[in-house]
Amino acid sequence: MVNFDPAREKHYLAYAYRRARVLIHQSVYLLTGIYLLVVLPVMVLIRSEEMTLWRNFGVYPIALALMGLWASTRLSWLKPLAVAIMYLSLGLSISGALLGAIYLNGSFAGQIAAFETIYLLIIGFSILRLPPRQTLITCLVALAIALLGSLALHVSLPLLPMMLFFAIPLIICTVNGYILDVGARRNFANHLLLDNESRQLRLWREQVERDTYRQQQLNHFMEKIAGNLTSAELLQKVLGYLVDQINAKAGAAYILEEERLIRHASWGLSAQAEERKNLQRDESLLGAALQQKIPLQQHSVPEGYLDLEVGEGKRVPGAVLLWPLHQGEQPLGIIEVASSHSFEESDMALLNELHRPLAFALQSAQRREEFLQRMQEKQSRSG
């Protein structure tokens, strides 16, 4: 046997029942045709009291079972009960045919009912390939019902015929059902393994694609900040990059100079936002965000703070992303960008990767500017 853990076993049973429902849906008309092909000639050609009794045991229960199987695969409100209807139909058919074989033992009609029990066992275990344990339990329950019915009708049990037309066929069908079930379980396990491998390969491929795209973003960023740029030029290029990569609509970049935040670059600011050029370090959202070392997303901002210019006028941004810049423990400045929607986790991850090269480039630009300023002061004093 191929044994599964409880979760896998439940999944396998659902798979087996789904397969049985598909088989019933595809073959219910064929089963009905075979049923009519056997029943109608017998009912038309042979007319006797025994055949009337046979119809009560071996015809009407099977007809009712076929109607239930048809309804469970065609009527949407019955589909959740399809499994219960399958076992109920199988049990009803077997108990009826078995009771007919016992009651009509020794007659032609009894022989037909006996053959029907064998056919039903083959259908349940081998054609529909229902899970063998549950099918065996259904057959044993049908046997108990038939035995109780025979006791109620005061009919003696034909033990030897019952061995031939029910007990031995049940054993054979059960063994065959378990053999088929082993193959089905192995196929199911192989499919699970293949699905897991395919899913793992897909995840790896997606991860490689994400890594490749992220590397392309990083390369593009490095190209943007390459060269001997001033701080203002550098930050302006960074804002343009953010507008392009994370769909920002407006933004500003500030550098920390003597405990004040001085704006050195801007993108798409409203008139009210343009007025914020020189701020105290601890003023507004920027000062609080500067104390952090990771990008922060703010969904609720004061009215007029980085309002977005749209066709119908101004609109409050859906989110503002605050990106503090540090070199080690030294704060360098902060970048803020606004968008009409929330920023995604991938946007935050991108900023974390860009932080180190940007901080290094910004510090280099500041030192270069300080050096050039000292050189100019020396030249002016010497001149």
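Along each chain, residues carry numbers from 1 onward, in the same order as the chain's sequence is written. Residue-level local features of this predicted model are given only where pLDDT is at least 70; pairs of side-chain atoms are given and counted only at 80 or more, and the full residue set underlies all totals for whole chains, interfaces and linings. The basis for every side-chain value is the complete set of heavy atoms in the structure, and neither hydrogens nor water enter the calculation.

### Some words on the layout of surface pockets
Okay, step 1: Approximately 510 Å³ is the volume attributed to the largest pocket.
Okay, step 2: Here a cavity denotes grid points, spaced 1 Å and computed from the protein atoms alone, that fit a 1.4 Å probe unable to get out, and a pocket denotes an open set having protein on both sides within 12 Å along at least 5 of 7 lines; residues with an atom within 4 Å of a point are the lining. The wall of the largest pocket is formed by 23 residues, among which Leu31, Ile62, Tyr119, Leu120 and Ile123 lie closest to the centre.
Okay, step 3: Secondary structure elements follow DSSP: runs of H or I no shorter than four residues count as helices, runs of E no shorter than two count as strands, and numbering proceeds from the N terminus. Broken down by secondary-structure element, the contributors of at least two residues to the lining of the largest pocket are helix H1 (6–45), helix H2 (49–74), helix H3 (82–103) and helix H4 (108–127).
Okay, step 4: At seven residues, H4 tops the list of elements feeding residues into the lining of the largest pocket.
Okay, step 5: Asp, Glu, Lys and Arg are counted as charged, while Ala, Val, Leu, Ile, Met, Phe, Trp, Tyr, Cys and Pro are counted as nonpolar; the rest, among them Gly, fall into the polar class. Split into classes, the residues belonging to the lining of the largest pocket amount to 19 nonpolar, three polar and one charged. Grid points are joined across faces, edges and corners, and a volume is the space filled by probe spheres set on the points.

### Quick notes on a positive patch on the surface
Okay, step 1: The grouping of Arg8, Arg199, Arg202 and Arg205 at the surface amounts to a positive patch.
Okay, step 2: With three residues, helix H6 (residues 159–225) is the largest single contributor of residues to the positive patch. Here, patches come from residues exposed beyond 30% relative accessible area and free of salt bridges, joined within 9 Å for like charges and within 5 Å for nonpolar side chains (Val, Leu, Ile, Met, Phe, Trp, Tyr). Each accessible area value is a Shrake-Rupley result obtained with a 1.4 Å probe; residue values ignore everything except the protein chains displayed when judging cover. A carboxyl oxygen of Asp or Glu within 4 Å of a side-chain nitrogen of Lys or Arg is what we treat as a salt bridge. For this count, His and the chain ends are skipped, Lys and Arg are scored as positive, and Asp and Glu as negative. The location of each charge is read from NZ of Lys, CZ of Arg, CG of Asp or CD of Glu.

### A look at empty space enclosed by the protein
Okay, step 1: For the structure shown, the criterion picks out one cavity of 30 Å³ or more.
Okay, step 2: Roughly 40 Å³ of volume is contained in the largest cavity.
Okay, step 3: In this structure, the largest cavity is lined by Arg19, Phe125, Arg129, Leu130, Pro132, Gly177, Leu180, Asp181 and Ala184.
Okay, step 4: Taken together, the residues of the lining of the largest cavity break down into five nonpolar, one polar and three charged.

### Observations regarding the side chain of Thr135
Okay, step 1: With respect to the helices, strands and loops of the structure, Thr135 is situated in helix H5 (residues 132–152).
Okay, step 2: With relative accessibility at 0%, the residue Thr135 sits in the buried group.
Okay, step 3: Apart from residues no more than four positions distant in its own chain, Thr135 is found in contact with Tyr87, Leu90, Gly124, Phe125 and Leu130. Only protein chains enter the calculation, and the probe is 1.4 Å; a residue is then buried if its accessible area is under 20% of its type maximum, exposed if over 50%, and partly exposed in between. In this description, contact between two residues means that some pair of their heavy atoms is separated by no more than 4.5 Å.

### Thoughts on the nonpolar core
Okay, step 1: In this structure, Trp54, Ile94, Leu121, Leu130 and Phe166 are the most contacted members of the largest nonpolar core, which totals 50 residues.
Okay, step 2: Counting residues per element, the ones that place at least two in this core are H1, H2, H3, H4, H5 and H6.
Okay, step 3: Among the elements that line this core, the one with the most residues is H1, at ten residues.
Okay, step 4: Setting aside residues up to four positions removed in sequence, Leu121 forms contacts with Ile94, Ser126, Cys139, Phe166, Pro169, Leu170 and Cys173. In plain words, nonpolar cores are sets of buried Ala, Val, Leu, Ile, Met, Phe, Trp, Tyr and Cys residues tied together by side-chain atoms within 4.5 Å.

### Overview of the packing of helix H7 (residues 231–245) against helix H10 (residues 345–382)
Okay, step 1: Relative to each other, H7 and H10 sit at 160 degrees, their axes nearing to 9 Å. Between H7 and H10, the interaxial angle falls into the category roughly antiparallel. For the pair H7 and H10, the sense of crossing is right-handed. Residues Ser231, Leu234, Leu235, Val238, Tyr241, Leu242 and Gln245 of H7 form the contact with H10, whose own contacting residues are Leu350, Leu351, Leu354, Leu358, Ala361, Leu362, Ala365, Gln366 and Glu369.
Okay, step 2: Partitioned by chemical class, the residues of the contact of H7 with H10 number twelve nonpolar, three polar and one charged. Simply put, an axis is a line fit to the C-alpha atoms, just over the touching stretch for a helix, and the angle between two N-to-C directions goes from 0 to 180 degrees. Any angle between 65 and 115 degrees counts as roughly perpendicular, while under 35 counts as roughly parallel, over 145 as roughly antiparallel, and the rest as oblique. Two helices that cross are described as forming a left-handed crossing if the nearer one is turned anticlockwise from the farther one by less than a right angle, and a right-handed crossing if clockwise.

### Examining the pairing of strand E8 (residues 330–339)
Okay, step 1: Taking burial as the measure, the ten residues of E8 include nine buried ones, the bulk of the element.
Okay, step 2: A pair of strands is considered paired only if DSSP assigns at least 2 bridges between the two. Bridge analysis of strand E1 (residues 250–257) against E8 gives six bridges, and the strand direction is antiparallel. If you follow Ala253 over to E8, its bridge partner there is Ile335.
Okay, step 3: Here strand E7 (residues 319–327) runs beside E8; their pairing, made up of nine bridges, is antiparallel. Directly across from Val320, in E8, lies its bridge partner Ala338.
Okay, step 4: Linking E7 to E8, which pair antiparallel, is a turn of two residues; within it Gly328 sits at a positive phi near 70 degrees.

### Here we look at the confidence of the model for the protein chain
Okay, step 1: Averaged over the protein chain, the pLDDT score is 88; the fraction of residues at 70 or greater is 97%.
Okay, step 2: Each residue carries a pLDDT score, the predictor's own confidence in it, on a scale running from 0 to 100. In the model of the protein chain, strand E5 (residues 308–310) stands out as the element of lowest mean pLDDT, 69, in contrast to H5, which has the highest, 94.

### Here's the deal with the state of the cysteines
Okay, step 1: The disulfide definition used here is simple: a pair of cysteine sulfur atoms within 2.5 Å. Tallying each qualifying case throughout the model produces zero disulfides.
Okay, step 2: Cys139 takes part in no disulfide bond, and the closest cysteine sulfur to it belongs to Cys173, at a distance of 8.2 Å.
Okay, step 3: Of the residues examined, Cys173 reaches a relative accessible area of 7% and is grouped as buried.

### Quick word on H5
The α-helix advances 3.6 residues per turn, and as a result positions three or four apart in sequence lie on the same side.
Okay, step 1: Every helix has an expected span of 1.5 Å times one less than the residues it contains. With 21 residues, H5 extends 30 Å between its outermost C-alpha atoms, agreeing within 8% with the 30 Å of an ideal straight helix rising 1.5 Å per residue.
Okay, step 2: Every buried residue of H5 is listed here: Pro132, Gln134, Thr135, Thr138, Cys139, Ala142, Leu143, Ala146, Gly149 and Ser150.
Okay, step 3: Summarising the contacts, the buried residues of H5 are in contact with H1, H3, H4 and H6.

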